[in-house]
Structure formats: C-alpha cells, structure tokens
Amino acid sequence: MNVLLTGGTGYIGSHTAVALAESLGALIGEKTHHIVLLDNLCNSEIATVDRIKTIMGANSACALTFIQGDIRDTTLLTQVLSNQQIDAVIHFAGLKAVGESVAQPVEYYANNVQGTISLLQAMQACNVKKMVFSSSATVYGEPQQLPLTETHPTLATNPYGRSKLHIEEILHDVCLSNPEWSVVCLRYFNPVGAHKSGLIGERPSGTPNNLMPYITQVAVGQRSHLNVFGNDYPTPDGTGVRDYIHVVDLAEGHAAALNYATKHAGWQAINLGTGKGCSVLELVHTFETVNNVTVPVQIVNRRAGDIAVCYANTQKALNTLNWSATKNLTDMCQSAWQFEQSMT
Ligand code: NAD
Ligand code: UD1
C-alpha cells in the first residue's frame, strides 16, 4: 500500500509514519509498502525524515520518501499522487495556533481550507478516494454534556476551529457526491508525549501555546515558571481539565483509521482520546513526580476562549476502529521529558 502523509514531518505526522510502518509491515503476504511524506517545512524540519528512518530501521517493509512542497500546489500534488501510485492520504498539513488564527484568519483559511480543496482536486484527478483527516475536539466548542460524543453539536469559536469544521463539511459533501469515497475525520483531544526513542516529539517554535511543551521548557530551565490559566473553574482543584492522549496512541489510531477506510466507504467523525480528564495541576504534579523535577507554577487569570472541562467518549473509536488508548499520564510525562532533554 502506498500512503501520502501531508504534513508528514510534523509532530503527529512523524509519529504516524512510524506507527504506519509497523502496522503495514505486519501485513503478511503484502509487497513492500511506501510512505510518502509531503511537507513545506513551515513548522517542522527536514532532519525529522532521517530520525523517522532511524526508528523504522533498515529492515522495515516500508520505503520512506520525503517531498518538500505545499498542499496548495495542485500540480505538484497531482504529480505525487500519480507518480507514487498513492492509494490513500492521511492529511495532517495545516496551521494550528488558535491565537494566530484570530489575528490572521485569511492565512488560516487559505492554508487549511484552500489547501484541502487543492488536495481534493488532485485526489479527484488521480482517482484516489481514501482519506484520514486531522480534525480536533475544538469543533465541539463549549461542551453541552460530557463526555463528548461525536453527535454533540459542533460550534467552533475561532478561525482555526472553524477551518477544521469547514473541512469536515467539505469532506462530508465529497462523500455524499460519490459513494466510492471513504473519509475518516479524527477528532483529536490533547496529544502530548513523544516516541520512546527520544528522536521525535513536539518542538514548537517560539513560546509554546500548549501546556505540555511549556511544562518541559520550565523543567529544563528555559522558562522560570508555568502560568496556570485560572484556578476558579468548577473542577476538583479549580484548574482546567483536558483529555491528554499519548501521541503514540494517537498515531496508532491513524493506522486503525486507515485500515477502516480501506474497507468501508462513506464519511465518519471519530474521537481519539482516552476518555479521562486530567487537570492542569494534576498533570504538573505527575510530571514532577515521575521525572523527579520541579515545575514552579504561578496562578494567573483565565485564558480567553478556554473551557473548563473537555474529555472524550471513546466508544465509537473502539466499536468502529477497534482502537483504544493504552498509555497513561506517566508514559506521557516521561516521554515528553525524555524528548525535551534529548533536544537540549
Ligand atoms: P505540526 O505543525 O507539527 O504539523 C503540521 C505540519 O504541516 C508541519 O510540519 C507543517 O510544516 C506542515 N504544513 C503546514 N501547512 C502546510 C502546507 N500548506 N503545505 C504543506 N505542509 C504544510 O502540527 P501537529 O501537531 O502535528 O498537527 C497535525 C494536524 O493535527 C494539524 O492539522 C493540526 O491542526 C491537527 N491537530 C493537532 C492538535 C495538537 O494538539 N497537536 C490537536 C488537534 C488537531
Ligand atoms: C488548545 C486549543 C485547541 C487545540 C488544542 C490542542 C486554545 C483556546 N485551544 O486547547 O483549539 O485543539 O490546544 O492543540 O488555544 N494551560 C495553562 N498554562 C499554559 C498553557 C495551558 O494553564 O501555559 C492550561 C489551559 O488553560 C488548559 C490546559 O492547560 O486548561 C490545556 O491547554 P492547551 O494545551 O493549550 O490545550 P487546550 O486549551 O485544550
């Protein structure tokens, strides 16, 4: 099987390449598989390609190719899909910073929505009709009930979230237009952690927006303390509760979704989370305990746009994909710390 990973050198794409090589390699009797990573490197680096190859090892049943390019370049995408005889696409490429999306909505819609339309045009031209798409739990907006099921109303509250929602709807329309299409939109909760090799992980440029990379940068001494955004939420310790999921579990969820998409037509939206909520302070304390480090915190005002609690109902992922998360908070904190240390 030949699979194109747009945004393949990014945080989740790189872990998925590794998980996919393992799952495809386990398919007995199949010929050699090919994973093609396409990325414009706007938020990742080319060194990741060699790191993925190192993890895959020389004996992998998968070949790996990297192509530097932009998903908005329909001509390039058409060439890649055709020349590499691509069977399916896992579409990660996109911009993902919420605050930046509020300041630069046109750039976000152009990159995320227009980029996806360009990819779909190339896929249509090459008769490739299978896609797994990186969506987000952000499409649910403020939860009306918990845990969040896939049937919960969708209402994104910023341009980033709306770009995900628009893309989901476009993909739905494509599936309605032609029953041969198969699309799985994976709604990620909060991916954290890194591969056990310490070779790949999350490397945000500039000040991290998300909690775990901020914690690791405080622990390593790059920042003095963590600002905890509010301790007056209606949660057990007053700090925000999220469903943190190990990125390796998440990556394996993509392999399961791809397997599903090769066997079933139609459009699906599926949560990828653990189903368990964890507060900011609980994550900080777990990180300190398992890694034997100190993470000073300071309570500050709530961050605009934040919700109190968010966690997944994971039943559909189990029933549909036969997938569930296996790693716990300790695994997430240990691997995130190991990666941070290996990079400094
Ligand atoms: P990332 O920034 O590490 O990876 C995205 C990759 O896409 C980067 O390597 C970037 O260079 C590339 N890219 C961006 N625009 C491109 C374009 N026009 N053409 C080609 N390449 C382009 O982010 P990630 O955390 O790996 O996220 C992957 C996907 O998952 C994104 O679509 C993101 O919105 C979504 N997502 C991420 C999270 C999260 O917390 N990390 C949560 C929910 C959804
Ligand atoms: C954010 C995005 C969301 C995106 C998700 C995963 C916002 C408003 N939402 O969600 O769209 O899908 O990341 O990428 O940005 N926190 C602190 N101090 C920090 C950082 C975070 O206290 O320095 C707290 C937050 O208030 C929250 C929790 O930690 O309670 C998790 O924050 P974060 O990692 O940014 O994820 P989300 O807010 O869930």
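The preceding data block contains the structure.
In this report, we go over the structure that sits alongside the text. (Residues numbered from 1 in each chain as written. Chains lettered and ligands numbered in written order. Predicted model: local features only at pLDDT ≥ 70, side-chain atom pairs only at ≥ 80, totals over all residues. Heavy atoms only, no water.)

Topic: the overall build of the protein
Scanning the protein from N- to C-terminus turns up 11 helices and 13 strands. Taken over the C-alpha trace, the protein has a radius of gyration of 19 Å; the compact-globule value for 344 residues is 20 Å, and the two agree within 12%. For the protein, the C-alpha atoms occupy an extent of roughly 55 × 45 × 40 Å along the three principal directions. Taking all 344 residues of the protein together, 53% fall into the buried category. Here the contacts in the protein between residues at least 6 apart in sequence split such that 81% fall between residues at least 24 apart. (Helix = DSSP H or I, 4+ residues; strand = E, 2+ residues; numbered from the N terminus. Rg over C-alpha atoms; globule rule 2.2 N^0.38 Å. Buried < 20%, exposed > 50% of the residue type's maximum accessible area, 1.4 Å probe, protein only. Contact = heavy atoms within 4.5 Å.)

Considerations on helix α8 (residues 247-263)
Taking 1.5 Å per residue as the helical rise, α8 with its 17 residues ought to reach 24 Å, and the 25 Å between its terminal C-alpha atoms agrees with that figure. For α8, the buried fraction is high: 13 of the 17 residues fall into the buried class. (Expected span 1.5 Å × (residues − 1).)

Some remarks on the packing of aromatic side chains
One pass over the full model with this rule turns up 1 aromatic pair. Considering the side-chain rings of F287 and W337, the 5.9 Å spacing of their centres and the 70° angle between planes classify their relative orientation as edge-to-face. Here F287 is found in helix α9 (residues 280-291), whereas its partner W337 is found in helix α11 (residues 329-343), with 50 residues between them in sequence. Its relative accessible area of 0% is what places F287 among the buried residues. One Lys or Arg, R223, reaches over the ring of Y214 and ends 5.5 Å from the middle of that ring. Of note, R302 hangs over the ring of Y233, and the distance from its end group to the ring centre comes to 4.0 Å. (Phe/Tyr/Trp six-rings, centres within 6.5 Å; stacked < 30°, edge-to-face > 60°. Lys NZ or Arg CZ within 6 Å of the ring centre and 35° of its normal.)

As for the packing of helix α5 (residues 105-126) against helix α6 (residues 159-177)
Closest axis-to-axis distance for the α5/α6 pair is 9 Å, and the angle between their directions is 20°. Comparing their axes, α6 and α5 come out roughly parallel. Of the two elements, α5 crosses α6, and the hand of that crossing is right-handed. Contact residues: α5 offers P105, Y108, Y109, N112, V113, T116, I117 and L120, while α6 offers P159, Y160, R162, S163, H166, I167, I170, L171 and V174. Tallied by class, the residues present in the contact of α5 with α6 amount to 12 nonpolar, 4 polar and 1 charged. (Axes fitted to C-alpha atoms, helices over the stretch in contact; angles between N-to-C directions. Parallel < 35°, antiparallel > 145°, perpendicular 65-115°, else oblique. Left-handed = near helix turned anticlockwise from the far one by under 90°. Nonpolar A, V, L, I, M, F, W, Y, C, P; charged D, E, K, R; others polar.)

Structural notes on the site of ligand 1
Near ligand 1 you find 26 residues, and of these D39, N43, S44, F92 and K96 are the closest. At 3.4 Å, a backbone N or O of G10 approaches an oxygen atom of ligand 1. At a separation of 2.9 Å, a nitrogen atom of ligand 1 approaches a polar side-chain atom of N111. Taken by itself ligand 1 offers 820 Å² of open surface, and the protein chains cover 95% of this. Of all the secondary structure elements, the ones that give two or more residues to the shell around ligand 1 are α1 (11-25), β5 (130-136) and α6. Looking at the shell around ligand 1 element by element, the count peaks at 3 residues for β5. Classifying every residue of the shell around ligand 1 by side-chain character gives 10 nonpolar, 11 polar and 5 charged. (Near = heavy atom within 4 Å. Polar contact = N/O pair within 3.5 Å; in protein donor to acceptor, adjacent residues only side chain to side chain. Areas by Shrake-Rupley, 256 points an atom, 1.4 Å probe, with all protein chains shown as cover.)

Re the sheet that holds strand β2 (residues 33-39)
Strand order in this open sheet of 7 strands is β3-β2-β1-β4-β5-β6-β11, and the pairing throughout is parallel. Unpaired on one side and paired on the other, β3 (62-68) and β11 (266-272) mark the two borders of the sheet. Adjacent strand axes in the sheet meet at a mean angle of 20°, parallel and antiparallel pairs treated alike. Taken together, the 7 bridges between strand β6 (residues 182-188) and β11 define a ladder with parallel strand orientation. For C185, the partnering residue across the bridge sits in β11 and is A269. Against the sheet, α6 makes contact with β5, β6 and β11, and its axis sits at roughly 155° relative to β5, the strand it touches most. (Pairing = 2+ DSSP bridges.)

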